[in-house]
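# Observations on chain architecture
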Amino acid sequence: MTPITTNDALIAFCERLAKAPYITVDTEFMRETTYWPKLCLIQAAASPTDAAIIDPMAEGLDLEPFLDILRDESILKVFHAARQDVEIFNKLGAMPRPLFDTQVAAMAAGFGDQVSYEALVRQMLRQELDKGSRFTDWARRPLSDAQLTYALGDVTHLSALYPKLRDRLQKEGRLDWVMSEMGAVTDPALYDTSPENAWKRLKPKKFNAKYLAAFVAVAVWRERAAQERDQPRGRILKDEAIDEIAVQAPTDPDAFNRLRSVPKGFGGSRLGLELAAELKRVLADPEAHAPKLERPAHNQPAPPSVVELLKVLLKAKSDNAGVASKLIATVSDLEKIALNDNADVEAMKGWRRQLFGEDALKLKKGEIALVLNGARVEVVEIEG
């Protein structure tokens, strides 16, 4: 088994991929010590018997023929737990559309929350996977036969699994449910790494201008520092340090060393000097640097008893339909529904509303009840 390392071999393989109605794709990468994932292998299959491993680390290999396949919207790209793979290809300028994520599909098909690839293969294909090479060093060359066999199996089994899972969802009338979820996975905003937007992934705890100006400045600075040094964000500063720095607003490098969440010696380091200067700059005029955020309304908390009833209803609906409850609604959804019949949450839209949302409102209004039938919770109409 030899990975593709030449442009001629890659072009020939991509010509076969281009004729397939769907292809299966996986990657192996390293990012434990880096900000940017280091792409080590690409695996792809046009069928269970036509698959190859592409070595993106091979000298002189141009990935464009394969990236063009990912960009071709006439070919469905099948992944399992696609997000990290999509992040890599999006950075390479090849958002893989249309996409089918078998992990999301499995949640709609009754395999539970976030089922693993090996569990899905075991249940649908009756095969056991050897995962012994999963956490090996994929950047080291040469790769062992065990590593290559493991890597190739991730797409050959997926190629056999996808049509079975698709047909099962089609038969149950749920294929449209799954396809409606795929747009979120391929939304470029999900993979935005621009430092200016880094603070939006975090949750500021205060809303005065001084705090917000410092909070945004630290988040933006950390993201830029992590990217420039190609280090994980947490190695620069932990998330909790951003809040503490925003509260204390230190502009003296020595003041960093009095903070609990900041690494020892940070204040005297080059990073500490840079951040102190940035904080001094924005805190000279906080109003000009603070984002305009509306202070959240202090709504009454959701009634615990109503939330608990909705949880029981969700579990009953999930079990009866064979759909993972996590795919239908989150606890946050339930809390908002408990407070507001018109809550703007996914659980009250589309297929989720039909499956769960409408009955959630009926339960709140006393139009239905939950009864125990042996070990099973059932929904019954209440006669007026």
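As the structure is a prediction and not an experimental result, all values here were calculated from the model.

Cut-offs used in this document
Residues numbered from 1 in each chain as written. Predicted model: local features only at pLDDT ≥ 70, side-chain atom pairs only at ≥ 80, totals over all residues. Heavy atoms only, no water. Buried < 20%, exposed > 50% of the residue type's maximum accessible area, 1.4 Å probe, protein only. Helix = DSSP H or I, 4+ residues; strand = E, 2+ residues; numbered from the N terminus. Arc of directions from axis to C-beta. Core = buried A, V, L, I, M, F, W, Y, C linked by side-chain atoms within 4.5 Å. Domains from an automatic or database assignment. Contact = heavy atoms within 4.5 Å. Phe/Tyr/Trp six-rings, centres within 6.5 Å; stacked < 30°, edge-to-face > 60°. UniProt positions renumbered as here; feature names shortened; annotations may be inferred. Salt bridge = Lys/Arg side-chain N within 4 Å of Asp/Glu carboxyl O.

## A word on helix α7 (residues 175-185)
Those residues of α7 that fall on the buried side of the exposure criterion are Leu 175, Trp 177, Val 178, Glu 181, Met 182 and Val 185. All buried residues of α7 lie within an arc of 150 degrees about the axis, which places them on one face of the element.

## Observations concerning the nonpolar core
Membership of the largest hydrophobic core comes to 86 residues, with the highest contact counts inside it found for Ile 54, Phe 66, Phe 100, Leu 165, Leu 169, Ile 337 and Phe 356. Split by domain, the residues of this core number at least three in each of domain 1 (7-190) and domain 3 (304-381). Each residue touching Leu 165, except ones within four places of it in the same chain, is listed here: Phe 100, Thr 102, Ala 105, Ala 106, Ala 109, Phe 111, Leu 120 and Met 124. Trp 199, Val 220, Ile 236 and Val 282 belong to the second-largest nonpolar core, a separate cluster that totals 35 residues.

## Here's the deal with the environment of Lys 205
Examined against the element boundaries, Lys 205 turns out to sit in the loop between α7 and α8 (209-229). On the basis of relative accessibility, which here comes to 65%, the residue Lys 205 falls in the exposed class. On a C-alpha basis, the gap between Lys 205 and Val 185 in space is 28 Å, while along the polypeptide they are 20 residues apart. Each residue touching Lys 205, except ones within four places of it in the same chain, is listed here: Tyr 211 and Asp 243.

## Re the packing of aromatic side chains
Counting across every chain of the model gives ten aromatic pairs. Ring geometry for Phe 66 and Phe 89: centres 6.1 Å apart, planes at 55 degrees, overall tilted. In this pair, Phe 66 sits in helix α2 (residues 64-71) while Phe 89 sits in helix α3 (residues 83-91), placing the two residues 23 residues apart along the sequence. Residue Phe 66 shares its accessibility class with Phe 89, and that shared class is buried.

## Considering the UniProt feature "domain: HRDC" (unreviewed entry) in the protein chain
This chain's UniProt record puts "domain: HRDC" (unreviewed entry) on residues 208-289. End-to-end, the C-alpha atoms of residues 208-289 are 12 Å apart, and along that stretch the chain is 70% helix and 0% strand.

## Some details on the pattern of salt bridges
Two side chains of opposite charge can pair, provided their charged atoms sit close to one another. A full pass over the atoms with the stated rule returns 25 salt bridges. Here Glu 172 ties to Arg 168 by a salt bridge, and the two come within 3.9 Å at their closest N and O atoms. Glu 172 gets classed as partly exposed once you look at its relative accessible area, which sits at 36%. On the accessibility criterion, Arg 168 (33% relative accessible area) is partly exposed. Put simply, Glu 64, Asp 68 and Arg 71 are held in one network by salt bridges that share partners.

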